[in-house]
Amino acid sequence: MIASPAELLYPTAAECRRIGLYMPPMIADMERAVGAQTTRAFLIQHGGKDLLIPVKVKPGHAHNAALTWLLKTYGAGRLSIPFGPASRTARMRWTAYRHFEAGRSVRVIAQALDTTERSVTRHRRRLVEAGALAPRPFQTSEETDP
């Protein structure tokens, strides 16, 4: 069973960069221009799709600010919108990161995310490589035996 999308946290583009995920410049720029919440709502609906940017944005459109920014920045026409922080990978890694910050174990995080312990361990390794988490102290077998 896959973790429900509602259970996974949504990071910002800046938070994605902090945990070592690449963020397309378009997403970071949009987030700075229109805000994280507006960008998140826009990406949830349009991320991963080709979008036709209209010549004129209708007032009262659900994503008016994002579309207006895209029109001013890229002009009218077809544009591929990346998933960015709305991607499942970004959300899984960010949620795992928040669990690690709270001191939870790999097993508990795997159960919370409805994934394998191996996947959570990979997320942890990538978070350590990105400098977002401190490496676990090395233990020898002598240190673990009573």
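Treat the numbers as computed from the prediction; the structure is a model and nothing was measured.

**A word on the overall build of the chain**
Check the secondary structure of the chain and you find eight helices and two strands. Going residue by residue from the N terminus, the α and β elements of the chain occur as α-α-α-β-α-β-α-α-α-α. Buried positions account for 38% of the 146 residues belonging to the chain. By sequence separation, contacts in the chain at least 24 residues apart represent 64% of the contacts at least 6 residues apart. Of the accessible surface of the chain, which amounts to about 8900 Å², a share of 53% is contributed by carbon and sulfur atoms.

**Description of the nonpolar core**
Membership of the largest hydrophobic core comes to 37 residues, with the highest contact counts inside it found for Phe42, Leu70, Ile81 and Phe100. No other element matches helix 5 (residues 88-101), which puts six residues into this core.

**So, the pattern of salt bridges**
Using the criterion set out here, one finds four salt bridges in the structure. In this structure, the salt-bridge partner of Arg32 is Asp29, at a minimum N-O distance of 2.5 Å. In this pair, Arg32 and Asp29 are both assigned in helix 2 (residues 25-34), three residues apart and thus about one turn of the helix distant. Note that Glu101 and Arg98 form a salt bridge whose closest N and O atoms lie 3.3 Å from each other. Of this pair, Glu101 and Arg98 both sit in helix 5, three residues apart, roughly one helical turn. Taking the relative accessible area as the measure of exposure, Glu101 reaches 46% and is therefore partly exposed.

**Side note on helix 2**
Taken as a whole, helix 2 has its buried residues at Met26, Ile27, Ala28, Met30, Glu31 and Val34. On its buried face, helix 2 sits against helix 1 (13-18), helix 3 (36-46), helix 4 (64-74) and strand 2 (77-81). Backbone geometry just downstream of helix 2 places Gly35 in the positive-phi region, at approximately 100°.

**Notes on helix 7 (residues 117-129)**
If you check helix 7, its first and last C-alpha atoms are 18 Å apart, about what 13 residues at 1.5 Å a residue would give, namely 18 Å. Those residues of helix 7 that sit buried are Ser119, Val120, His123, Arg124 and Leu127. Along helix 7, the residues classed as buried sweep out an arc of 140° about the axis, all on the same side. Residues of helix 7 that are exposed and point more than 90 degrees away from the buried face comprise Arg118 and Glu129.

What counts and how
- Along each chain, residues carry numbers from 1 onward, in the same order as the chain's sequence is written.
- Owing to the predicted nature of the model, reporting of local features is limited to residues with pLDDT of at least 70; listing and counting of side-chain atom pairs is limited to 80 or more, with chain, interface and lining totals taken over all residues.
- To get the side-chain values, all heavy atoms of the structure are used, and hydrogens and water are removed first.
- A run of H or I in DSSP counts as a helix once it spans at least four residues, and a run of E counts as a strand once it spans at least two, with each numbered from the N terminus.
- Relative accessibility thresholds used throughout: buried, under 20% of the residue-type maximum; exposed, over 50%; partly exposed, between the two (1.4 Å probe, protein chains only).
- Whether two residues touch is decided by their heavy atoms; if any such pair falls within 4.5 Å, the residues are in contact.
- Here the open area of atoms and residues is found with the Shrake-Rupley method and a 1.4 Å probe, where only the protein chains shown may cover a residue.
- Nonpolar cores were defined as sets of buried Ala, Val, Leu, Ile, Met, Phe, Trp, Tyr and Cys residues, with membership established by side-chain atoms within 4.5 Å.
- Salt bridge, as used here, is a side-chain nitrogen of Lys or Arg placed within 4 Å of a carboxyl oxygen of Asp or Glu.
- Residue count minus one, scaled by 1.5 Å, sets the expected span of a helix.
- The arc in question is formed by the directions pointing from the helix axis toward the C-beta atoms.

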